[in-house]
Amino acid sequence: ENFASVEKIADAKAEIFAGVEPGGVAIINRDNEYFARLAASATRTGIKVVEFGSHPSTDVHLVKQVLLSDCSSVSATVGGQAMAYKIGMPGAHLVMNSLSVLAAVYALGADLALAGFALGELEAPKGRGRRHHIELPMGTITLIDESYNANPTSMRSALANLGQTVPLGRGRRIAVLGDMLELGPDEK
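Summary of the structure given here. The model shown is predicted, which means the values in this text are computed figures rather than measured ones.

Rules used in this analysis
- Residues numbered from 1 in each chain as written.
- Predicted model: local features only at pLDDT ≥ 70, side-chain atom pairs only at ≥ 80, totals over all residues.
- Heavy atoms only, no water.
- Pairing = 2+ DSSP bridges.
- Helix = DSSP H or I, 4+ residues; strand = E, 2+ residues; numbered from the N terminus.
- Buried < 20%, exposed > 50% of the residue type's maximum accessible area, 1.4 Å probe, protein only.
- Polar contact = N/O pair within 3.5 Å; in protein donor to acceptor, adjacent residues only side chain to side chain.
- Contact = heavy atoms within 4.5 Å.
- Salt bridge = Lys/Arg side-chain N within 4 Å of Asp/Glu carboxyl O.
- Core = buried A, V, L, I, M, F, W, Y, C linked by side-chain atoms within 4.5 Å.
- Patch = residues over 30% accessible without salt bridge, like charges linked within 9 Å, V, L, I, M, F, W, Y side chains within 5 Å.
- Areas by Shrake-Rupley, 256 points an atom, 1.4 Å probe, with all protein chains shown as cover.

## Quick look at the pairing of strand 7 (residues 139-145)
Reasoning step 1: Where strand 6 (residues 130-136) lies against strand 7, seven bridges are found, and the strand directions are antiparallel. For leucine 136, the partnering residue across the bridge sits in strand 7 and is glycine 139.
Reasoning step 2: Here strand 6 folds back onto strand 7 in antiparallel fashion, the turn holding two residues.

And the structure:
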């Protein structure tokens, strides 16, 4: 809402690199359309860039993802080492987030297997995909709470997750959408 363009948002996010000490690490999604802009900003400040994403040359590379209605299964390479793990929540966006977590673990030289195990224990926080099973006279419904401060990207992810949810019996999927007020004049 307060920036003139997405490029200006990327530049504002890159300001964090100025606070990282030389020799520090910036973890950046190579699949982001502003990757080159962000990486250049990071390297100008003397910090190392650790890349993650689906691009084959990344430090943490997505090999395969299987998106299920209640979890995601991932195959990746981390520093050239093959790794397979499960995420306790569904969604392609969470697969990418998990790669950033593994990039941080890799950059720290910490235990990748333990990190992979912890990702399997992940549960949705309030407003970010938490599922509630509600008993009604006509049967059980599943409410997926995605009520936290939406934007077009998060809404696409929420709708994709809803699309992967398998209704019981003759059930159906219903999306209830509210306003995205922080988009300023483009909100409608």
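## Quick look at the side chain of histidine 61
Reasoning step 1: Among the structural elements, histidine 61 can be located in strand 3 (residues 60-67).
Reasoning step 2: Its relative accessible area of 15% is what places histidine 61 among the buried residues.
Reasoning step 3: Side-chain polar atoms of histidine 61 contact the backbone oxygen of histidine 55, separated by 3.1 Å.
Reasoning step 4: Among all residues touching histidine 61, those that are not within four sequence positions of it are Gly53, Ser54, His55, Pro56, Ser75, Ala76 and Thr77.

## With respect to the pattern of salt bridges
When charged atoms on two side chains of opposite charge get close, those side chains can pair.
Reasoning step 1: Considering all chains together, one arrives at two salt bridges under this definition.
Reasoning step 2: For arginine 37, the salt bridge identified is with aspartate 11, shortest N-O distance 2.6 Å. Of this pair, arginine 37 sits in helix 2 (residues 35-44) while aspartate 11 sits in helix 1 (residues 6-14), and the two are 26 residues apart along the sequence.
Reasoning step 3: The shortest N-O distance in the salt bridge between arginine 30 and glutamate 51 comes to 3.0 Å. Of this pair, arginine 30 sits in the loop between strand 1 (25-29) and helix 2 while glutamate 51 sits in strand 2 (residues 48-53), and the two are 21 residues apart along the sequence.
Reasoning step 4: Classification of glutamate 51 as buried rests on a relative accessible area of 16%.

## As for the nonpolar core
Reasoning step 1: Counting 19 residues, the largest nonpolar core has Val60, Val74, Tyr85, Leu99 and Leu102 as its most contacted members.
Reasoning step 2: Breaking this core down by element, the ones donating at least two residues are strand 2, strand 3, strand 4 (72-78), strand 5 (81-87), helix 3 (92-108) and helix 4 (112-120).
Reasoning step 3: If one sorts the elements of this core by residue count, helix 3 sits on top with six residues.
Reasoning step 4: Each residue touching valine 60, except ones within four places of it in the same chain, is listed here: Glu51, Phe52, Gly53, Thr77, Val78, Leu99, Leu102 and Ala103.
Reasoning step 5: In this structure, Ala10, Phe17, Ala42 and Ile47 belong to the second largest nonpolar core, which totals 12 residues.

## Let's talk about a nonpolar patch on the surface
Reasoning step 1: Where nonpolar side chains cluster on the molecular surface, the patch consists of Ile134, Leu136, Met138, Ile141 and Leu143 and spans about 450 Å² of accessible area.
Reasoning step 2: At the level of secondary structure, the elements contributing two or more residues to the nonpolar patch comprise strand 6 and strand 7.
Reasoning step 3: Summarising the element assignment, isoleucine 141 is placed in strand 7.

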